[in-house]
Structures are given as C-alpha cells and as structure tokens.
Amino acid sequence: MLAHALVAWVLGTFVTPEMRILLVEDHPESRRTLQRLIERRGHEVVAVGSAEEAEVELARQSFPFLILDWMLPGKSGIELCRELRAAPNGDELFILLVTARDDTQDLEQALEAGANDYLIKPLDPARLNVRLSVAERRIRALIERNQARAELQETVRKMTDILERTSDGFFAVNEDWKFTFVNPRAEKLLERRREDLIGKDFWMEFPEFTRDAFEENYRRAISEQVAVEFEASDTSGKAWFELLAYPSGGGVSVFLRDVTDRKRVEEERLTTSKLESLGTLAGGIAHDLNNILTVISGNIGLAQIEAPGDSANLLSFLSRAGEAAQDAAQLSNQLLTFSKGGAPLKRVASISDLVTQAAEFSLHGSNLRAELDVPSDLWRSAVDPAQIEQVINALVINAREAMPRGGTVRVSANNIEIDANSGLPIRAGRYVKVQVADNGGGIDPRSVTKIFDPYFTTKATASGLGLSISYSVVKKHGGFLQLESTSPHGSTFAFYLPATDAEPQMSQPTLANEIFNFNHQRVLVMDDEAAIRDLISELLGTLGYRATAVTDGDEALKTYEDAMRTGENFQAVILDATIRGGMGGVATIERLRDLDPNVTAIICSGYSDEAALAEFLTYGFRAALPKPFTRHELAHVLQRAFEAAGAG
C-alpha cells in the first residue's frame, strides 16, 4: 500500500479530493495535454478555448479553481481574472495564470490582477504537479474558511432570529455608543422605532439614562469586560427593568425585561410583612391597653352611679374622663385594625351612600373644594363601615397635606370587572373602585415605594400610620389600595372592594339610655385579669345579675357543670377570648356546648379584630363584647344574647 502511494506520488497521480476545475486554453493540443495531466490527479476538468466560453460555463456552474491562459482570442486571461476578482464572492476563487511571458514586470501585473499563482510555458509536468498541490492546499483552506464563514453566518442568522423573537428586549451599541441592533421587544420597552435608533448615539437619544444604575453599569461592562446584571427604574419610578449588560465587539449588548409586576408583588410582600410585624406588636400592646381601658371606663361608669345627683361638677369630670377613655380606645383600635390575623366587622352596605357621607364628613371645615362623582347605582359590598370611613378620611387628609393652600379633592367611584390578567394582586371578579385625587405637587419618586410603610411620613406633624392602616383595612376586606398615579400635577389613590348582590343590612339602632334589669339571673364571667373580673362582677350587680367569676376555661367548665348538677344553672357566660397560660374562650365554648347545647355565651376580647368577635355565631356564641366597653354596652350585649337564645 505504502509503495503504491509512493509510486503514485512520483507519477503525479496521487488521489486528492475531487475538484471541478475550469481550464481556459485556446491551443487545442496544449488544452488536451493539460487536461489529461490534471485529470490524472482525480479532478474533474471542464476545458474551453476562450474567455467568452469560460463566462458561459461560470454562469452555468461554480468552479473553485480556474486555470487561465494569459493570451486568448478576444478577452485576455488577465482581463477575465481581473473581472472575476471584482465580482461578488470573487475572492473565493483560486486562479492560476499560465503565460509564456517570464518578464518580472508582467508577472507582477498578473498578481496585481488577482492571480493566486502563475505557471510559465513551456509547461513542466513536475512543476505543474507542484503548482496543483499548492492550489489544492490553498483551495482546501479556502473551502474550510468559506464553510466556517457560512456556519458563522448561519449562526448569526439563527441568533438574530432568536433575538427578534425573544420576549426580552435586546439592543446593542458599538464602541462609539451608537445603536447597531434593536429587537421588536426593545422597541416597545424603549418606546422608539428601531429605524429611528440604528446609527444614533445612545446617550443623545436617551439622556435620562445618564444617571443612577444605567450609565454606571453600562460603562463598567465595557471598562472591566464583564457581564453586569442589575435592576433599575424609569424616571417616573413606576416601571422597573431587569437588565444584563455585557461587552460585545468593543461595545455593549443589553438584555432588558420589564419586571414591574414582579417588583409590585415583592413590594406588596414587603409591605405586608412590615404590617404583620407591626401588627403582632400592636396587637399585644393594644390588648393590654384595652384591658386597662375597660377597667378605667367601667369604674368611671360605677362612679357615675354612686355620685350624688347634685354633684354636677363631679359628674361632668367623670363624663369627660369617660370620653377620653373612649378616645383612647379608638386609638388602640386603629392599631388593632392591621394587627395580625384580624377581621373587620362586616355588613352589606350601600357603597354609594357610605363614600358620599364619609367624603363630605372628612372635608367638612377644611379649605378644600370637593368634586364628588359617586353614582347611585354602585354595587354593594360587605364592609366594616367605620373602617372604610377611616380609609376615606386618611386619603382626604393625605390630599389636604398635599395642598396646604387649598385646592380640589376629586372623589369618584365606579363599578369595575377585574380579570385574571389585570396585574392587580386581587382575585378576578366584580369590584367597586373608589378614587381620591388631589392637584398637589405629587409624591417624590424616592418615596413612592415607602408611602404604605408604617410610620413613614414626610410631614413633621404626621404619624405615618394613616396610609398603612388604610392599606391593611382594604386588604382585609379582600380588596387592594394603591397609588394609581402621581405627577407634579397631583396624585390619585384608588382602592377596590369586592362587590356583592346581597341586600344591605341595617346598622344596629342607637342604644337607649334605659337599662334593663334581670333580677337574680346568674352570669358566669371568665377572665384572667383580676381587675376585669371584679369590674364585670360589679357592673353586673348594678344591672341586677348575680355574677360568679373564674380565671380560665378549666375552672369555668367545672363551675358550670357543678351549677347544672345542683340546679343553680347559669343563664349566661361571658368568656374572655385570650387566657394567658390557660384555655381561652373559643376552646371553652366547644366544651361548654357538650355540657349544655343551649348555653348562652358571649365572647369578650381586648383584640377588637379577633376573628371570633367578627364571626361569633360561627363559633357558637350568641353575641360579642369588644373591650373596652361601658355599662350600657354590657347591658345591651346581654339583652341581645338572651333575645338570640330565645329566637334560636
């Protein structure tokens, strides 16, 4: 095998990869001889006698290798060589020029015309083989280069197709910061057409990006030759982008994705987490505060009973103290509004009436002019009216602070259908949307993400709780409160409340001053605070009840069971929801109902947002008594509990 290969090489017939060669020689005998020599190397040869015939063959098929005689009838070989090199893809040809002229100047002319190599007549077969070997190697390298270029072009085509179709925005700038590529998604995100950007200076077209994270990270990607991933917002602070900038061809390429919805969800989670943390603390403090206020309010009530009728000043002082205690209770309940795990005391109400009345009340006595657009056909919603009034009041106060010199507050409402793709963190369905707009100076973009944070405020005299409480109130109603828009021309807040087709429920009638006496009826009181037990027992005594007080659920069960056994039954039980270190009201009622399915039980708690207070019937109670409470409220809660038991 090796010997045969050596012989074949010596004879010039070593087999090489087949090529199609175009031979242009006007002398027939020379053409045939040269054709045979070349074909012995395994190549396909198409032989013609003129440049014009060669052009016909070139139009018909491609040839990687051309052998041209210099002197041809008509167009010369060197003219044809020059034309071929000037044609598209002319650099992909290997051209060997055959000439009888061995003048150095002529040979330089041949090379300048584009010939890769030359061969001088008369032809020497050995020298021809050398030239063919050189040509074959050069052509193989040229083919490999062309294949690599074609593969690169195909890769670029595929990448371009991917970049055109990707859901992410993509653009590229060169070392002079001029746009070289912009995909359709980037057109939408940048709000510019690509034909208006290609070739334009990035910083001239988007001067707003010469700030903050954009310029710093783009220039870092180029200077440090590293990929840089970061997040940044637009100038309004409302749209957020996730960006990946990386060095590319001396410039920088950037992938950008709109992550506004994700940021909104993250901010929603962060705000919720802050509110829950504060609520946990506030719940514990306010529970203890409500217990203290219960003792204060109750003893004020007892003192009013014991005070002589002619002690006008004393009664006046006690009345003022009672009002102050009620104000303190309202403040405590505001904190409890967004404490963890709570629920509003809802009833189906006319949102049209509620919004109108709350807005007018909130604006009364202010220097603001009101524009109300609240249609009468608004859908109804199950709400805690007092809490929703508190929300509207907080938004009006916010508007007033935005317009210290006066202005117009626009309060509007409308029915709206929310679909699953709304981008709002609420379920799809029917909602009532309420908007409160001012014409103040807007909110600083740096403050936009913090306005619902507890205690965040830009006003020296403000508490920073109004918006955070409102946010929590609306959220607990199954809705959502947001800053809908802000600009130097004003801000608009909007909140959504789930709609219902249920009929409105009438609010409880105003309590009468008269107290109903239920002589000798027995009431069991359970509370872990001795002062509360003593107070309730005293208040019940003034109402004509006989009270027995216990400290926890276990003692309540034993006392209730003993009374049943001896026939000294309790007509009602008042159970504190939370007992430190013992069985609370919810667990106790379950056990009591096993003893007496008809037990008349009242849930009592310093957590005014305790779920059992809002849904006491679900837990088996007849009524609910939030702390702090007055003697009148205690009397009427007992009355309602007995009426509910009788109706049941």
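The coordinates are above.
A brief look at the structure comes next. (Residues numbered from 1 in each chain as written. Predicted model: local features only at pLDDT ≥ 70, side-chain atom pairs only at ≥ 80, totals over all residues. Heavy atoms only, no water.)

## Notes on a negative patch on the surface
Together, Asp102, Asp103, Glu108 and Glu112 give the surface a local cluster of negative charge. Counting through the fold element by element, Asp103 comes out in the loop between β4 (94-99) and α5 (104-112). (Patch = residues over 30% accessible without salt bridge, like charges linked within 9 Å, V, L, I, M, F, W, Y side chains within 5 Å. Areas by Shrake-Rupley, 256 points an atom, 1.4 Å probe, with all protein chains shown as cover. Salt bridge = Lys/Arg side-chain N within 4 Å of Asp/Glu carboxyl O. Lys, Arg positive; Asp, Glu negative; His and termini not counted. Charge placed at Lys NZ, Arg CZ, Asp CG, Glu CD. Helix = DSSP H or I, 4+ residues; strand = E, 2+ residues; numbered from the N terminus.)

## Quick notes on the pairing of strand β18 (residues 521-526)
Across the 6 residues that make up β18, a large majority, 5, are buried. With 6 bridges connecting them, β18 and strand β19 (residues 545-550) associate as parallel partners. Looking at the pairing, Met526 lines up with Val550 of β19. Crossover β18 to β19 through helix α15 (residues 530-542) is right-handed. Pairing analysis gives 4 bridges linking β18 to strand β20 (residues 572-576), with the strands arranged parallel. Opposite Val523, over in β20, you have Ala572 as the bridge partner. (Buried < 20%, exposed > 50% of the residue type's maximum accessible area, 1.4 Å probe, protein only. Pairing = 2+ DSSP bridges. Right-handed = clockwise from strand over helix to strand, strands pointing away.)

## Re unusual backbone geometry
A negative phi angle characterises most non-glycine residues, just as the trans form characterises most peptide bonds. At the junction of Lys121 and Pro122, the peptide bond is cis and its omega measures out at -5 degrees in the coordinates. Within the element layout of this structure, Pro122 appears in the loop between β5 (117-120) and α6 (125-165). Residues Lys627 and Pro628 are joined by a peptide bond in cis, for which omega reads -10 degrees. Of note in this structure, Asn89 is not a glycine but carries a positive phi near 60 degrees. In this structure, Asn89 sits in the loop between α4 (77-86) and β4. You will see that Trp177, though not glycine, has its phi angle at about 65 degrees, which is positive. When its relative accessible area of 11% is taken as the criterion, Trp177 is described as buried.

## Comments concerning the pattern of salt bridges
Inspection of the entire model under this criterion finds 24 salt bridges. Two residues, Asp196 and Arg193, come together in a salt bridge whose shortest N-O distance is 3.2 Å. Given a relative accessible area of 47%, Arg193 falls into the partly exposed group. Among the ionic contacts, a cluster of salt bridges with common partners joins Lys558, Glu561, Asp562 and Arg565.

## Focus: the sheet that holds β19
Strand order in the open sheet formed by 5 strands is β19-β18-β20-β21-β22, and the pairing between neighbours is parallel. Where the open sheet ends on each side, the last strands, each with one partner, are β19 and β22 (623-626). Averaged over all pairs of adjacent strands, the angle between their axes in this sheet comes to 20 degrees, without regard to strand direction. Of the strand pairs in this sheet, β20 and strand β21 (residues 601-605) are connected by 4 bridges, and their pairing is parallel. Across the sheet, residue Leu575 finds its bridge partner in β21, namely Ile603. Each of β18, β19 and β20 is contacted by α15, which is oriented at about 170 degrees to β19, the strand it contacts most. Here helix α17 (residues 585-595) sits on the sheet in contact with β18, β20 and β21, set at roughly 150 degrees to β20. (Axes fitted to C-alpha atoms, helices over the stretch in contact; angles between N-to-C directions. Contact = heavy atoms within 4.5 Å.)

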